[in-house]
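Geometric and topological summary
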Amino acid sequence: MSRRSNRTPNEAEGSGQGEAFEMEQQNNRHLDSLASKVSALHSVSLNIHDDVNDQNRLLDNTSETFNRFGNMFDRTRQTLTHTLATAGSRFMCYLTLILVFGVFSLYYIAVNLLSREPEPPELT
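The next thing to look at is the overall build of the protein chain. Each helix and strand in the protein chain was counted, giving 2 helices and 0 strands. The buried share of the protein chain, reckoned over its 124 residues, is 0%. Roughly 12100 Å² of accessible area belongs to the protein chain as shown, and the carbon and sulfur atoms make up 61% of that amount.

Further remarks concern the pattern of salt bridges. If you walk through the whole model with that rule in mind, you get 3 salt bridges. Two residues, Glu22 and Arg29, come together in a salt bridge whose shortest N-O distance is 3.8 Å. The class for Arg29 is partly exposed, based on a relative accessible area of 47%. For the salt bridge of Asp74 with Arg77, the shortest nitrogen-to-oxygen distance reads 3.9 Å. Of this pair, Asp74 and Arg77 both sit in helix α1 (residues 9-86), 3 residues apart, roughly one helical turn.

Turning our attention to the confidence of the model for the protein chain. For the protein chain, per-residue confidence averages 83 on the pLDDT scale, and residues scoring 70 or more make up 85% of the total. The low-confidence segment residues 1-12, where pLDDT is below 50, has 2 contacts with residues more than four positions distant or belonging to other chains.

On to the packing of aromatic side chains, then. Across all of its chains, the model carries 1 aromatic pair by this definition. A centroid spacing of 6.3 Å and a plane angle of 25 degrees characterise the contact between Phe69 and Phe73, whose relative ring orientation is stacked. Of the two residues, Phe69 and Phe73 both sit in helix α1, 4 residues apart, roughly one turn of that helix.

The grouping of Leu106, Tyr108, Ile109, Leu113 and Leu114 at the surface amounts to a nonpolar patch, some 550 Å² of accessible area in total. Here Tyr108 lies in helix α2 (residues 89-113). What makes Tyr108 partly exposed here is its relative accessible area of 49%.

What counts and what doesn't
Residues numbered from 1 in each chain as written. Predicted model: local features only at pLDDT ≥ 70, side-chain atom pairs only at ≥ 80, totals over all residues. Heavy atoms only, no water. Helix = DSSP H or I, 4+ residues; strand = E, 2+ residues; numbered from the N terminus. Buried < 20%, exposed > 50% of the residue type's maximum accessible area, 1.4 Å probe, protein only. Areas by Shrake-Rupley, 256 points an atom, 1.4 Å probe, with all protein chains shown as cover. Salt bridge = Lys/Arg side-chain N within 4 Å of Asp/Glu carboxyl O. pLDDT = per-residue confidence, 0-100. Contact = heavy atoms within 4.5 Å. Phe/Tyr/Trp six-rings, centres within 6.5 Å; stacked < 30°, edge-to-face > 60°. Patch = residues over 30% accessible without salt bridge, like charges linked within 9 Å, V, L, I, M, F, W, Y side chains within 5 Å.

Spelled out as structure tokens, the structure:
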């Protein structure tokens with residue numbers, strides 16, 4: 001609802017221009033605020049894009065590493081299978097002894113050397 005005032009047409013026209021100017025300034029403030037928010041969203045979206053690209057690159061590198069490990073494991077398995085198929089019983093005995101000696105050596109190192117607590121210095 002509009003209220004009628006007792007203004008002259010010139011006063012009413014001046015008042016309308018003042019209101020229009022005030023509304024224009026308010027619109028400009030809102031546009032500036034919106035522009036800064038859009039700029040912030042743009043910056044966030046660019047950061048997300050860069051992060052996604054870095055993660056994709058990391059996943060690709062991890063996949064390549066696992067593929068290389070799988071290929072190396074397959075070659076080792078094939079070589080061991082071939083060696084076991086062509087080797088005699090004496091070779092199997094030596095291989096078993098070496099493996100058992102290696103396991104016990106690693107166990108000795110782990111139990112005695114790595115878990116040993118340092119001795120406190122003697123007080124004289």
